[in-house]
Amino acid sequence: MADFIPADPKLFFSKNNPLDPRLGDLVKTAVEGADVVILGYPDDEGIQLNGGREGAALGPIEIRNWLYRTTPHPRRAMKAFADLGDLEINGSVLERHEVARAFAKKLLEQNLQLLTFGGGNDYAYCDGLAFLEANKGKRPLIINIDAHLDVRDMSAGPTSGTPFYRLLESGNVFEFVEIGVQGQCNSTHHWDYVEKKGGKIISFEEIQESGRSLTEYVVQMLGESLLRKRPTFLALDIDVMAFPFAVGASASWPIGLLPQDLMALLQVLMKRLDVRVFGIYEVSPPLDMASGTAKLAAQFAHGFLHHV
């Protein structure tokens with residue numbers, strides 16, 4: 001635990017009213033009795049190295065700020081969860097990635113689920129590699145919901161644009177799907193690379209052209225072979241959302257996914273798959289308006305905690 005700093009207890013909001021409990025009243029600070037562990041990665045150096053706007057280092061604090069103000073769903077069971085705090089930001093980006101990977105793997109090997117808050121999307125590599133190492137031989141699935149493919153090579157270092165390149169080059173066997181990818185954000189070279197590696201791309205444009213809802217189209221394209229109970233890492237870069245709903249992101253675009261559509265898809269994926277890790281990345285509070293992006297991330301996290 002030396003490499004993670006406990007979350008500020010002031011974030012554990014309470015009304016001090018047993019008739020009106022909040023998640024801040026229910027959070028544990030040790031793994032005993034927990035089903036899910038929350039980790040934060042307050043680091044946006046990878047975004048800056050990729051030419052993006054800084055600010056996501058403050059994402060974990062602001063997502064917690066809103067998540068812990070929410071109430072448990074009155075009619076749905078909720079998983080027991082613990083918050084083990086934030087990665088201590090020391091050393092190089094690669095060194096921090098290794099600390100995060102090792103810590104996440106240790107938790108996953110205890111059969112715990114992870115809910116992680118970035119920070120840059122480069123931490124999808126840490127979460128993803130830990131997930132793959134803890135699920136060898138189980139035909140794991142990685143789903144990236146993102147406007148960007150994030151398969152740049154390592155020539156510029158471990159940036160927020162490299163996590164899935166690093167995973168695809170890691171030597172681990174897994175199936176890979178990218179959802180919501182936008183044509184104006186990705187080069188032909190990167191698109192070809194994913195497909196040559198056996199990955200499946202479900203682009204934003206084809207979803208729109210299908211005339212179907214996001215959930216209907218994705219379920220159709222994934223099919224029964226992918227949508228079956230199996231260990232899954234679900235990575236969500238908040239810039240997949242349309243800009244009005246993700247003002248607080250380094251690289252969102254005016255046209256993108258809508259919150260209610262993505263929430264519906266997430267509910268289906270979490271029901272059909274065994275999601276062991278759910279990572280939410282690139283929420284950038286300094287760029288946000290009225291905390292709308294952080295609140296949206298908190299709602300997605302709240303939904304994950306209620307899928308039992």
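Let me begin by describing the structure that accompanies this report. (Residues numbered from 1 in each chain as written. Predicted model: local features only at pLDDT ≥ 70, side-chain atom pairs only at ≥ 80, totals over all residues. Heavy atoms only, no water.)

## Describing the overall build of the protein
No. 1: For the protein, the count of helices and strands is 11 helices and nine strands.
No. 2: Here the C-alpha radius of gyration of the protein, 18 Å, is about what a compact globule of 308 residues would show, namely 19 Å.
No. 3: Taking the principal axes of its C-alpha atoms as reference, the protein extends roughly 55 × 45 × 40 Å.
No. 4: Going through the 308 residues of the protein one by one, you find that 56% of them count as buried.
No. 5: Put simply, 77% of the contacts in the protein that link residues at least 6 apart link residues at least 24 apart.
No. 6: Split by element, the accessible area of the protein, about 12,800 Å² in all, is 52% carbon and sulfur.
No. 7: Each charge sign in the protein was given a centre, from 30 positive and 39 negative side chains, and these centres are 8 Å apart. (Helix = DSSP H or I, 4+ residues; strand = E, 2+ residues; numbered from the N terminus. Rg over C-alpha atoms; globule rule 2.2 N^0.38 Å. Buried < 20%, exposed > 50% of the residue type's maximum accessible area, 1.4 Å probe, protein only. Contact = heavy atoms within 4.5 Å. Areas by Shrake-Rupley, 256 points an atom, 1.4 Å probe, with all protein chains shown as cover. Lys, Arg positive; Asp, Glu negative; His and termini not counted. Charge placed at Lys NZ, Arg CZ, Asp CG, Glu CD.)

## Remarks on the packing of helix H4 (residues 93-108) against helix H5 (residues 123-134)
No. 1: Interhelical geometry of H4 versus H5 gives an angle of 40° and a closest axis separation of 8 Å. As for how H4 packs across H5, the hand of that crossing is right-handed. Taken together, the residues of H5 that come into contact with H4 (itself represented by Arg-96, His-97, Ala-100, Arg-101, Ala-104, Lys-105 and Leu-108) are Tyr-123, Tyr-125, Cys-126, Asp-127, Leu-129, Ala-130, Phe-131, Glu-133 and Ala-134.
No. 2: Here the contact of H4 with H5 is built from residues that sort into 10 nonpolar, one polar and five charged. (Axes fitted to C-alpha atoms, helices over the stretch in contact; angles between N-to-C directions. Left-handed = near helix turned anticlockwise from the far one by under 90°. Nonpolar A, V, L, I, M, F, W, Y, C, P; charged D, E, K, R; others polar.)

## Examining the nonpolar core
No. 1: In terms of nonpolar packing, the biggest core is built from 53 residues, with Ile-145, Leu-262, Phe-278 and Phe-300 touching the most fellow members.
No. 2: Looking at which element gives the most residues to this core, the answer is helix H11 (residues 292-305), with eight residues.
No. 3: Dropping the residues within four chain positions of it, Ile-145 is found in contact with Ile-179, Leu-234, Ala-235, Leu-236, Asp-237, Val-240, Leu-257, Leu-262, Leu-266 and Leu-269.
No. 4: Residues Leu-84, Tyr-125, Ala-130 and Val-194 belong to the second largest nonpolar core, which totals 37 residues. (Core = buried A, V, L, I, M, F, W, Y, C linked by side-chain atoms within 4.5 Å.)

## Quick word on the sheet that holds strand S6 (residues 175-181)
No. 1: Taken in spatial order, the nine strands line up as S1-S3-S2-S4-S9-S8-S5-S6-S7 in an open sheet, and their pairing is mixed. The open sheet has two free edges, formed respectively by strand S1 (4-5) and strand S7 (200-203), since each of these has just one partner strand.
No. 2: Where strand S2 (residues 36-41) and strand S3 (residues 81-87) come together, four bridges link them in parallel fashion. Looking at the pairing, Val-37 lines up with Ala-82 of S3.
No. 3: Packing against the sheet, helix H10 (residues 259-272) makes contact with strand S5 (141-145), S6, strand S8 (231-237) and strand S9 (274-281), and its axis sits at approximately 150° to S9. (Pairing = 2+ DSSP bridges.)

## Let's talk about the side chain of Arg-96
No. 1: Turning to its location among the elements, Arg-96 is positioned in helix H4.
No. 2: Setting aside chain neighbours within four positions, we find Arg-96 in contact with Asp-43, Glu-45, Leu-87, Glu-88, Ile-89, Asn-90, Gly-91 and Tyr-123.

## Comments concerning the side chain of Arg-230
No. 1: Within the secondary structure, Arg-230 is located in the loop between helix H9 (214-226) and S8.
No. 2: The class for Arg-230 is buried, based on a relative accessible area of 1%.
No. 3: Among the polar contacts listed, one links the side chain of Arg-230 to the backbone oxygen of Arg-139, at a separation of 2.8 Å.
No. 4: Excluding residues that lie within four positions of it along the chain, Arg-230 makes contacts with Arg-139, Pro-140, Leu-141, Glu-175, Ser-225, Leu-273 and Asp-274. (Polar contact = N/O pair within 3.5 Å; in protein donor to acceptor, adjacent residues only side chain to side chain.)

## Brief notes about H5
No. 1: End to end, H5 covers 17 Å across 12 residues, agreeing with the expected 16 Å (1.5 Å per residue, within 8%).
No. 2: The complete set of buried residues in H5 reads Tyr-123, Ala-124, Tyr-125, Cys-126, Asp-127, Gly-128, Leu-129, Ala-130, Phe-131 and Leu-132. (Expected span 1.5 Å × (residues − 1).)

## Examining the pattern of salt bridges
Any two side chains of opposite charge can pair if their charged atoms end up close together.
No. 1: Counted under the stated rule, the structure contains 13 salt bridges.
No. 2: Residue Arg-64 pairs with Asp-86 through a salt bridge whose shortest N-O separation is 2.8 Å. Note that Arg-64 is positioned in helix H3 (residues 59-67) and Asp-86 in strand S3, a separation of 22 residues in sequence. Just as Arg-64 is buried, Asp-86 falls in that class too.
No. 3: One continuous salt-bridge network, built from bridges that share partners, spans Asp-43, Glu-45 and Arg-96. (Salt bridge = Lys/Arg side-chain N within 4 Å of Asp/Glu carboxyl O.)

## A closer look at the layout of surface pockets
Sizing a probe to match a water molecule and rolling it over the atoms shows the empty space that remains.
No. 1: Estimated volume of the largest pocket: approximately 260 Å³.
No. 2: The wall of the largest pocket is formed by 20 residues, among which Asn-50, His-148, Asp-150, Arg-152 and Gly-161 lie closest to the centre.
No. 3: Its residues placed into classes, the lining of the largest pocket shows five nonpolar, 10 polar and five charged. (1 Å grid on protein atoms, 1.4 Å probe; cavity = no way out; pocket = protein on both sides within 12 Å on 5 of 7 lines; lining within 4 Å. Points joined across faces, edges and corners; volume = space filled by probe spheres on them.)

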